[in-house]
Structure formats: C-alpha cells, structure tokens
Amino acid sequence: MTMWRCGWGPRVLRRRWSCPGLWREGNLKIPSNQHHSFRKSTLSPSLIHLHKAAWTRLEQPAVGSVSSLKTRTFCMRDKDPIEIHKEKLKLWFSHLPQEEMQFGGYFSPETMHIDPLILARNPEDAKYGPFKTNVLCGPSLAVEQLFAPTSDSMGQGMNVLLYGAVGTGKSTVVRKLVLDWCDGSTLSQFKLLVPFSCEDLSQLSKSSSLRDLVGRKYMHLRRTPLLSGEANQAKEVLFIFNSIEKMKLDFRISNSELCSDPNEPLPAGTVVVNLLRKYLLPEASILVTTRLSALERIPKKYVTRYAQICGFNDPDRQQAYFTSRLLQSTTNLSRETESLVELLYLNLQRESQLAAACFLPSYCWLTCATLHFLHFTDDKAPIRTLTGIYTSFLRLNFGGEILDTGGSMNPQDDQKSLMLYIVRTVGKLAFDGVSKKRTLFTVEDLEQLVGGKTKTDEELQQLAVFRTDVLDFFLVPSVESKMSFDHIEADEKRFVFAVPAMQEYLAALYVVLGENKTVLEKLSKEVSVAFGQVGDDVTNLMTILSKFIPLRIFALFNLLKLFPSLFEKFSSYSKGHIARTMAAEMFRSEDSYNEDVLDQVEQSLLGVQGPAPKQQLDSKSFELYPIFMGGLLHYGNRRLLDQLGCNIKSTTVAQITRTLKKHLVRESRKKLPPEELMDLLVLLYEFQNPRLTAEVLLSVKTLDLSTVRMTPLKCVVLSSVLSCTSSSFTLNDLVLSSCHLNKELLPMLCPAFRHTRSLKLCDNPLLDSGLSSLLQALQRNRSLRHLFLMHTGMGDTAALELAEKLASHSVLQELNVAYNNIGDSAALVLVDACRDHPSIHTLHLYLNQLSDVGKQSLYVRGTRGKQGGTGRQVKVLASVTEGTDISDQWHPILSIIGKNSMQWERERVREQLMVFLRDLEWGRRQQHSIWKKLYFRRVENGVKQTLRMLEKASALSTKSGPH
C-alpha cells in the first residue's frame with residue numbers, strides 16, 4: 001500500500017538540490033489544498049519554465065515533519081499500479097517552479113507549451129551553435145514520430161537520442177511528452193513510461209538492480225511484470241533518461257560488465273549502459289536527452305535515431321510563445337496588452353538582435369519575464385526586481401551545474417561551479433566591454449576569452465565543453481554582420497551578447513564577486529587566508545622555538561602575523577572602489593539626458609518606433625550596470641547566487657554599502673534631471689535595503705519626475721522607495737507633471753502622496769474618475785500646502801467633490817485647477833469652499849469653461865463672499881483681468897501658457913487668448929487714467945506676443961507634417 005501525507009493549510013515545501021555544495025534549497029509553493037511530501041528536485045538547465053523536479057523521487061517525509069498537520073491516508077491497494085503511476089507523474093510534472101509564480105500563477109503547462117523545431121539529423125550534419133542553424137537540413141519531426149518504427153529495428157526497442165544546445169527546450173519537450181502520455185494523447189503504444197533524472201542517478205553510490213532503481217523511485221511499480229524480463233513484455237516500456245551528460249557512462253566491457261538480469265545489483269551507470277546495449281530488456285525503448293558536448297558518450301551503434309532540437313526557428317513560433325504567456329499573464333485582457341504583443345512581433349520580424357536571441361526558448365522566457373515585470377507589476381504583486389529576474393534566469397539554466405570533462409570516473413573530482421567559471425570568463429569579457437563602452441566583440445576577443453595562456457589537458461577539455469555548451473548561449477553573431485556572415489573573413493566577424501542587459505549583469509556580477517582584483521589584492525587574500533588558517537598553531541610552536549631562534553627572525557615572524565590586518569586594509573579599499581564605481585557609473589554626465597533605464601530596457605525588447613537616432617554601437621551607455629551591482633547585494637539574490645557557487649559575503653556587502661551611502665547622499669543633494677532621478681530610485685529599489693534608502697532620502701527635498709513616462713512599475717518603485725522613510729519624512733515638492741498618469745496608476749502612488757507638502761500633477765489625463773481616486777489617495781496627507789491639477793481633464797463633478805474634501809487638508813494654501821473643463825456653477829462652489837477654508841489664499845481657474853459673467857462673479861465672490869457675507873478673502877485667478885483692473889498675476893499666467901502652449905490643444909489656447917484680449921480691451925475702455933490705459937496696452941502686447949508665438953509654431957507644425 002502506498003501512502004501520501006497531505007497537510008491542510010498554507011505551507012511551503014523545502015527542496016534539497018541534488019548537487020551537493022552548489023544548490024542548497026529552494027521554495028516551491030503548493031496550493032493550500034494540495035500539499036504532498038517530496039524528496040529531491042532540481043530545476044531544468046535547459047528551459048526556464050521547466051524543472052527537473054519532475055524527474056525525482058516521491059518519498060515519505062521525515063518522521064515528525066508533518067506532526068502538526070492533519071493527515072489522511074489514501075489506500076491504493078486495489079488500484080491499477082499503472083494508473084497510480086500516471087496520476088503521480090501528472091501531479092508532479094504539472095507543478096511549476098517558484099520562478100513561474102512571478103507571472104501571477106496564471107499559467108498551466110498545457111496553455112504555455114509551444115513545440116520547438118525538432119529535426120531528424122545526425123550529429124555530423126548538425127550545426128552545433130543554435131544561432132548557426134539558419135540553414136536547416138533534415139526532415140522535421142513531431143514528438144510522437146520519434147519512435148516511429150525503422151526497418152532495422154529487428155524486434156528490439158528503439159534508442160532515440162534527443163540532443164540540443166543549452167536552452168533549446170529538451171526538458172520542455174520531454175515534460176510535455178510525459179504529461180501527454182499520462183493523458184493518453186500520445187505514445188499510446190507504451191503501456192509504461194519510466195522517467196529518470198541522470199543527475200540523481202549519478203549521485204547513487206550503492207549498486208542496485210534495474211527493478212530496485214524503478215521501485216525505489218516509483219514504489220507502486222516494484223512488482224510490475226513489465227520489468228520482469230519475461231517474454232517480450234518490455235516492448236510496452238519506455239525509459240527516459242534526462243540529461244545523460246550528468247552520468248559517466250563507460251561502454252567498455254572491462255568497466256561495465258554485461259548483464260541481462262533486471263534483478264542483479266549493479267552501479268547505476270552500468271544498468272543504463274546495458275539498457276542502451278540492448279542486453280538488458282532489449283525490447284524496451286529508450287529516450288535519452290543530452291547536450292552537444294556529450295554526444296559522443298554513447299557509441300553510434302547503440303543509437304537508433306538522432307534528433308536535434310533547434311528551438312524556435314521562426315518569428316511565428318516565437319510570437320505563439322509570447323502570446324500564450326503575455327496574453328494570459330493578466331486577468332484584464334486589454335488593447336494595451338495586445339499592442340505589446342504586436343510591437344514585440346514587429347521587432348522579431350525585423351530580424352533584430354532580439355529575434356536572434358529568441359531562437360532559444362530560454363531567452364523567450366527571459367523576454368516575457370522582463371516585459372511582465374515592466375508592464376504588469378502593480379502594488380498587489382510580490383516584490384520583484386530586474387536583478388532577481390536575471391539571477392533566476394541563470395539559476396534555472398545553470399544552477400547546480402559543474403564544469404566537468406567526463407575524464408574522471410569520480411564525480412567529486414575537481415568539480416567546479418560552472419556559473420563561477422562563466423563569471424570569470426564571459427563576465428570578464430562583459431566587464432572589459434562595459435569599461436571600454438563596447439558591445440561588439442571580435443573573434444580575437446573570444447579567443448582570448450577561452451584561450452589565453454597555456455593550459456593543462458584538463459583545462460583544455462573543460463574549455464572544449466564550455467565552448468560547445470555555454471559560449472553560444474551568451475554570445476551570438478551581430479545582426480549587422482550576420483547578413484553576410486558566411487562571406488566575410490573570420491577575423492572580421494562581430495559578436496554581441498544575446499540580450500544587451502546580460503552584458504551589464506555579468507559585468508556587475510564580475511565586479512561584485514571581486515574578480516577584477518589587482519595582483520596585490522589577489523596576493524592579500526591568499527596570504528590572509530593562509531596565515532589565518534595556520535596562525536594559531538604556528539604561534540604556539542614559535543613560543544617554544546623562540547628560545548632557540550635569533551631575535552631578528554622571531555621579529556620577522558611577528559611582523560608577518562600582522563600581514564592579514566595589513567592586507568585587510570587593501571581589501572577594504574577594494575570594496576570601497578566597487579562602491580565608488582557604482583556611484584560614478586550611476587551619475588555620468590553624458591547619460592543625463594538619456595531616457596530612464598526602465599524605458600531603455602523596454603526599447604531593447606520592443607524596438608524603437610519611428611526614426612531611431614544614429615549612434616555608434618560602441619558608444620552605448622551602460623546605465624543598468626550600476627543598478628545590477630546594487631541589486632546583486634540584496635540578500636535574496638545573494639542566496640540564489642550561493643546556490644550557483646558564487647558567494648558574496650555579508651562583510652563585503654556591509655563594506656560596499658557604507659561607502660556607497662556616502663556617494664549616494666552626496667549625489668542626491670544635487671539637482672538631477674528627471675530621468676537620472678528615476679534611475680536613482682530604481683537603484684534603491686533594486687537594492688531592497690530600507691535603511692540605506694531612508695538615509696539617502698533624508699537629504700532629498702524635491703523629487704522632480706516631470707516628463708518621465710510613469711508606468712505601473714515606476715509607480716511601485718516610487719511608492720516602495722518612499723515607504724522606507726519614517727512617518728515624519730516630508731518632501732518639499734513632488735513633481736509628477738506630464739507623466740502619463742491615469743486613474744489606474746494613482747492608487748499605486750498612495751504611499752508617495754503621504755510625504756509631500758507640494759504636489760504637482762499637471763498635464764496628466766486624470767479626468768473626473770482619476771481625480772476622485774486622487775482625493776481618496778490624499779486623505780492621509782496632513783502636510784499638503786500646494787496642490788496643482790492644471791490640465792488634468794477635471795470637470796464639474798470632480799470640482800464639486802474637490803470642494804467637499806478641501807476641509808480635510810487644513811494647511812492647504814494654494815489650489816491650481818486651471819485649464820480644465822469647470823463651468824460657472826462648479827467654479828463658484830469651489831470658490832466658496834476656499835473662502836471657508838482656514839488657509840487657502842489663491843485659487844487658479846483661468847482657461848476653464850467660464851463665461852464673462854461667471855468670471856466677474858468669481859472675482860466678486862472671492863473678495864466679498866456670498867451675498868455680502870463675511871469670510872476670508874481668496875485671490876481667484878480666472879483671467880488676466882480682475883473686474884476692471886489688471887490682475888497682479890497676469891505675467892505668471894501668460895508665462896505658464898507660453899511654456900505649455902506647444903503641448904496643449906492649440907486651438908483652445910488660441911481661443912482663450914482671444915478672450916483675454918477682449919477682456920483687456922473692455923477693461924481699457926473703462927479707464928480714465930492715461931497710465932492705466934498704457935498698463936492695459938502693455939498686457940495686451942504680452943498676450944499678442946504669446947498668440948503670435950503659438951500661431952508660428954502651428955504653421956511650422958503644419959508645414960512639416962506631411963514629411
């Protein structure tokens with residue numbers, strides 16, 4: 001009888017990774033009504049949204065691990081073991097890794113799967129680089145055709161070898177195959193399907209028989225007659241061995257004895273070898289997946305069919321993938337989401353660099369994750385960062401991976417973290433490119449990357465594996481040179497990082513890990529560690545020998561004992577240098593007028609619409625580089641990197657943070673352009689260090705983000721950063737004019753609105769519904785003194801609601817609702833509310849839908865009150881005139897109109913200026929003083945000058961329009 005322990009109530013399962021020393025543990029969230037105990041699992045290095053957890057064992061939890069949970073027992077004694085097997089496989093293979101939860105949990109394996117291209121192709125005919133397969137040869141295959149009978153099968157089962165580069169989707173295909181078999185929709189000729197993780201098998205040290213291996217992993221299959229070896233029952237069995245490169249298979253008879261008994265204990269590798277030899281259960285079929293570097297580990301005579309998985313070879317497959325994810329990643333399917341997919345598809349059709357990268361499904365995942373982060377982040381979503389997305393991407397592709405040559409039979413011999421090796425090689429190239437402002441690399445650069453000084457045979461073998469499996473994953477031919485890639489000399493070829501931001505991420509990781517050390521710094525670390533390890537023992541020994549050692553030698557030893565402290569100073573200086581580099585890169589003067597970094601990331605994915613500015617590729621600005629460095633210091637990313645074998649110590653983080661804080665405080669006191677200020681907020685958000693953020697913001701008095709295109713993500717960034725401050729923190733000025741704010745974005749800014757004395761939201765399409773949301777968001781602000789809502793689409797409804805809620809802001813002094821759609825009646829109510837308010841002294845109402853009589857009434861109501869009643873006087877600015885006099889604010893009014901006339905509706909502004917001229921002409925006629933009349937003439941000339949400027953701009957716009 002097989003039992004599952006199921007707990008009710010929320011809980012997080014802890015997973016131990018099967019590669020010791022690299023992957024420690026991770027989280028897998030299970031719905032509260034579906035908690036099952038699992039033992040090992042790993043995430044797929046081949047495709048992001050797949051995980052090799054599906055290959056691992058389902059076992060009973062440790063005693064007491066669920067003692068506090070209600071349990072229930074499922075008795076399956078009378079159920080068909082094959083049906084039990086299908087249910088368990090489907091349950092486990094349907095689970096998504098934690099990284100998929102960032103999409104909001106909208107996905108299911110069935111809806112997000114797109115079949116990659118699979119070709120029937122022998123290894124000698126294959127183009128090993130995934131970006132070199134533009135000439136595709138060989139017939140394409142569907143998954144169910146992999147086991148189509150061949151003429152030379154001779155009654156034996158088939159051995160199919162599915163191979164491909166990192167990220168092409170091998171595990172995805174197999175995972176979908178297992179789920180489809182469980183549903184009965186494919187490979188119905190096999191009654192039993194048994195998947196194995198070769199990574200798990202490689203960890204087994206004890207000999208086991210084939211039946212024990214199966215029974216240990218799948219208890220319900222212990223007694224199945226299909227694996228008995230009797231008759232030809234095994235012809236209905238399909239074994240799957242995923243990632244065969246993780247095993248040290250040896251087909252030499254002297255090292256792996258022949259065995260045909262499924263009950264005889266043997267090393268796991270020997271069992272697999274005998275299955276492939278067709279000496280053990282020859283009728284059974286086998287599917288093996290492997291990377292390119294391990295193709296030769298299985299002799300050709302043991303392979304019935306080769307199939308190469310080639311990823312997404314055309315824009316249509318890529319678009320289908322993006323559509324299945326992005327259109328399902330939000331519950332509100334809007335035109336905006338559809339437009340996002342359309343822009344992405346247009347960029348792919350241009351044969352852009354993105355299209356080259358998205359040949360690999362892994363990069364399609366990264367693109368979707370980034371776009372989801374940029375467009376679908378809101379205040380209800382869990383905290384995510386761009387650095388976290390890239391860290392997760394690398395963990396899912398290379399987590400638990402070691403750089404292994406296959407030369408040693410001991411899997412623990414000289415194992416190195418593959419990710420750390422990537423940082424020291426590809427990361428160094430990325431760092432050199434960032435330092436020299438380069439994105440293009442030559443063949444010579446790549447040769448220096450993987451060649452360089454003379455290497456041992458083992459190092460050369462490692463490099464061969466690295467070049468075959470990894471290098472093409474990161475570096476691809478530039479699309480500019482790819483057009484004529486086969487017609488140019490080898491030394492003229494140019495390569496770029498598949499995704500531009502990956503260069504900046506790897507460069508940042510290279511720096512934060514301290515790999516760009518000087519010779520002195522490297523020496524200091526080695527000497528410090530060496531003396532730290534032996535210092536105590538040697539000290540005791542020298543205490544005894546000091547009686548016999550000359551004083552000079554003894555003094556020298558004591559001096560050497562001080563070396564660790566001396567070299568620690570050099571180390572501390574190095575950490576400070578990292579912080580200074582971050583600050584210098586963050587506030588480069590030549591980057592001051594670029595678009596903010598989040599918009600740059602979006603443009604790299606969706607392309608630039610319209611004519612793009614001409615600039616040299618090698619003069620690119622790297623503004624993500626310092627932001628990634630900050631994000632890598634966050635504990636969550638450091639924990640993931642530790643699972644990759646890249647350790648960033650807490651002491652290092654503390655040293656960098658202390659120095660960085662000084663630089664950020666100094667720079668934040670300067671007046672930064674809005675885009676640079678937004679980048680600073682993104683850096684603080686990526687850092688996820690509330691204490692540092694609060695200390696930096698203490699020196700900030702004004703946040704001017706005018707003209708920054710605010711998105712849900714940027715609103716979350718702004719609110720999250722300001723939420724780190726204390727309740728007493730208050731900005732003098734928060735400027736969000738011309739930021740494309742709307743009703744949906746305003747609620748996300750509630751935390752930001754609490755911390756300001758002056759709030760400017762001019763030139764945003766808020767409309768009445770948005771302004772109502774704004775008033776709700778402002779309820780907790782008790783320090784607001786100036787509120788500017790000019791040109792926000794406010795109508796009578798919002799104006800009346802605003803009048804009702806003015807009393808809740810007891811220290812408000814100035815209210816600007818100019819250039820809106822407020823009529824006479826609502827304006828009068830607003831004036832009365834301002835007179836009843838204890839502190840409001842100025843109300844801006846010009847450029848609204850006011851009649852001449854209405855403007856006169858507003859002026860009278862503001863100065864005398866309703867029906868001659870008593871109350872405070874309020875200066876009402878409804879025109880450049882106040883009754884028969886000139887308004888003392890006429891110049892600021894004309895200045896505001898002149899400054900914004902290019903962005904505002906020009907015909908409406910022209911009409912209002914003509915009204916001003918009519919008001920001025922009427923007022924001038926009422927004057928008897930020559931000086932008064934001249935004053936009116938002066939103001940008239942100012943209005944006419946503004947009008948001429950507007951008409952000139954309109955003429956130029958009309959003239960250039962057809963072009």
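Residues numbered from 1 in each chain as written. Predicted model: local features only at pLDDT ≥ 70, side-chain atom pairs only at ≥ 80, totals over all residues. Heavy atoms only, no water.

**Focus: unusual backbone geometry**
If you check the backbone angles, Lys-278 has positive phi at about 65° while not being a glycine. As for its position among the elements, Lys-278 is in the loop between helix H5 (268–277) and strand S7 (285–290). By relative accessible area, Lys-278 is classed as buried at 11%. Its identity as a non-glycine residue notwithstanding, His-740 has a phi of 60°, on the positive side. (Helix = DSSP H or I, 4+ residues; strand = E, 2+ residues; numbered from the N terminus. Buried < 20%, exposed > 50% of the residue type's maximum accessible area, 1.4 Å probe, protein only.)

**Quick word on the sheet that holds strand S4 (residues 159–163)**
Pairing in this open sheet of 6 strands is mixed, and the strands run S3-S8-S4-S7-S6-S5 from one edge to the other. Each having just a single partner strand, strand S3 (118–119) and strand S5 (192–197) make up the two edges of the open sheet. Here 4 bridges tie S4 to strand S8 (residues 305–309), and the two strands are oriented parallel to one another. Bridge pairing in S8 places Tyr-163 opposite Gln-308. Of the strands in this sheet, S3, S4, S5, strand S6 (237–242), S7 and S8 touch helix H2 (residues 170–183), which is tilted by about 150° from S7. (Pairing = 2+ DSSP bridges. Contact = heavy atoms within 4.5 Å. Axes fitted to C-alpha atoms, helices over the stretch in contact; angles between N-to-C directions.)

**Topic: a nonpolar patch on the surface**
A cluster of nonpolar side chains, Ile-253, Leu-258 and Tyr-279, forms an exposed patch at the surface whose accessible area comes to about 290 Å². Assignment of secondary structure puts Ile-253 in the loop between S6 and H5. A residue is classified by how much of its surface remains accessible, and Ile-253, at 52% relative accessible area, is exposed. (Patch = residues over 30% accessible without salt bridge, like charges linked within 9 Å, V, L, I, M, F, W, Y side chains within 5 Å. Areas by Shrake-Rupley, 256 points an atom, 1.4 Å probe, with all protein chains shown as cover. Salt bridge = Lys/Arg side-chain N within 4 Å of Asp/Glu carboxyl O.)

**A short note on the nonpolar core**
Counting residues in each nonpolar core, the largest one holds 168 residues, and the members touching the most others are Phe-474, Met-502 and Leu-845. Tallying contributions element by element places helix H11 (residues 418–435) first for this core, with 11 residues. With 68 residues, the next largest nonpolar core counts Ile-82, Phe-241, Val-273 and Tyr-302 among its residues. (Core = buried A, V, L, I, M, F, W, Y, C linked by side-chain atoms within 4.5 Å.)

**What to know about the pairing of strand S13 (residues 494–497)**
Strand residues, when the strand is regular, have side chains that alternate between the two faces of the sheet. Two elements, strand S11 (residues 441–442) and S13, share 2 bridges in a ladder whose sense is antiparallel. By the bridge assignment for S13, Phe-441 is matched with Phe-495.

**Here we look at the sheet that holds strand S19 (residues 842–844)**
Spatial strand order, S14-S15-S16-S17-S18-S19-S20: 7 strands in an open sheet with parallel pairing. Each edge of the open sheet carries a strand with a single partner, namely strand S14 (702–704) and strand S20 (875–877). Within this sheet the neighbouring strands show an average axis-to-axis angle of 5°, counted without direction. Judged from the 2 bridges that link them, strand S15 (residues 733–735) and strand S16 (residues 758–760) form a sheet pairing that is parallel. Paired with Val-735 across the two strands is Lys-760, which belongs to S16.

**Remarks on the packing of aromatic side chains**
For the structure on display, the rule yields 20 aromatic pairs. Ring centres of Tyr-163 and Tyr-306 lie 6.5 Å apart, and the angle between their planes is 75°; this geometry places the pair in the edge-to-face category. On the criterion of sequence distance, the pair formed by Tyr-163 in strand S4 and Tyr-306 in strand S8 is long-range, its members being 143 residues apart. Accessibility assignment for this pair places Tyr-163 and Tyr-306 in one class, buried. Here Tyr-421 and Phe-466 contribute two aromatic rings whose centre-to-centre distance is 5.1 Å and whose plane-to-plane angle is 80°, an arrangement assigned as edge-to-face. You can see Tyr-421 sitting in helix H11 and its partner Phe-466 sitting in helix H13 (residues 457–474), a full 45 residues away along the chain. As far as burial versus exposure is concerned, Tyr-421 and Phe-466 are alike and both buried. An aromatic cluster is defined as three or more aromatic residues linked by ring pairs; in this entry it consists of Tyr-363, Phe-393, Phe-398, Phe-473 and Phe-474. Stacked on the ring of Trp-181, the Lys or Arg Lys-86 has its end atom at 5.0 Å from the ring centre. Just above the ring of Phe-788 sits the side chain of Lys-760; from NZ or CZ to the centre is 5.4 Å. (Phe/Tyr/Trp six-rings, centres within 6.5 Å; stacked < 30°, edge-to-face > 60°. Lys NZ or Arg CZ within 6 Å of the ring centre and 35° of its normal.)

**Observations concerning the confidence of the model for the protein chain**
On average, residues of the protein chain score 77 in pLDDT, and 75% of them reach the 70 mark or higher. Every residue in residues 1–76 scores below 50 in pLDDT, and together they form 221 contacts with partners more than four places removed in sequence or on other chains. Under a pLDDT of 50 for its full length, residues 129–135 has, in the predicted model, 21 contacts with residues more than four places off or in other chains. (pLDDT = per-residue confidence, 0-100.)

**Focus on the packing of helix H9 (residues 361–375) against helix H10 (residues 386–398)**
Put simply, H9 and H10 touch, their axes get as near as 10 Å, and they point 160° apart. Comparing the axis directions of H9 and H10 gives the class roughly antiparallel. Taken as a pair, H9 and H10 cross one another with a handedness that is right-handed. Of the residues in H10, those in contact with Ser-362, Tyr-363, Trp-365, Leu-366, Ala-369, Thr-370 and Phe-373 of H9 are Leu-386, Ile-389, Tyr-390, Phe-393 and Asn-397. Split into classes, the residues belonging to the contact of H9 with H10 amount to 9 nonpolar, 3 polar and no charged. (Parallel < 35°, antiparallel > 145°, perpendicular 65-115°, else oblique. Left-handed = near helix turned anticlockwise from the far one by under 90°. Nonpolar A, V, L, I, M, F, W, Y, C, P; charged D, E, K, R; others polar.)

**Concerning the environment of Ala-148**
With respect to the helices, strands and loops of the structure, Ala-148 is situated in the loop between S3 and S4. With 157 residues separating them in the primary sequence, Ala-148 and Arg-305 have C-alpha atoms 9.7 Å apart. Apart from residues no more than four positions distant in its own chain, Ala-148 is found in contact with Met-158 and Arg-305.

**Concerning the packing of helix H20 (residues 624–632) against helix H23 (residues 674–687)**
Running from N to C, H20 and H23 cross one another at 25°; their axes reach a closest spacing of 7 Å. One finds that H20 runs roughly parallel with respect to H23. The way H20 lies across H23 gives a crossing that is right-handed. Each of Pro-626, Ile-627, Gly-630 and Gly-631 in H20 lies in contact with H23, whose residues at this interface are Asp-679, Val-682, Leu-683, Glu-686 and Phe-687. For the contact of H20 with H23, a count of residues per class yields 5 nonpolar, 2 polar and 2 charged.

**Let's talk about the environment of Lys-235**
Counting through the fold element by element, Lys-235 comes out in the loop between helix H4 (210–217) and S6. A relative accessible area of 49% places Lys-235 in the partly exposed class. As a C-alpha pair, Lys-235 and Leu-281 span 46 residues in sequence and 8.4 Å in three-dimensional space.

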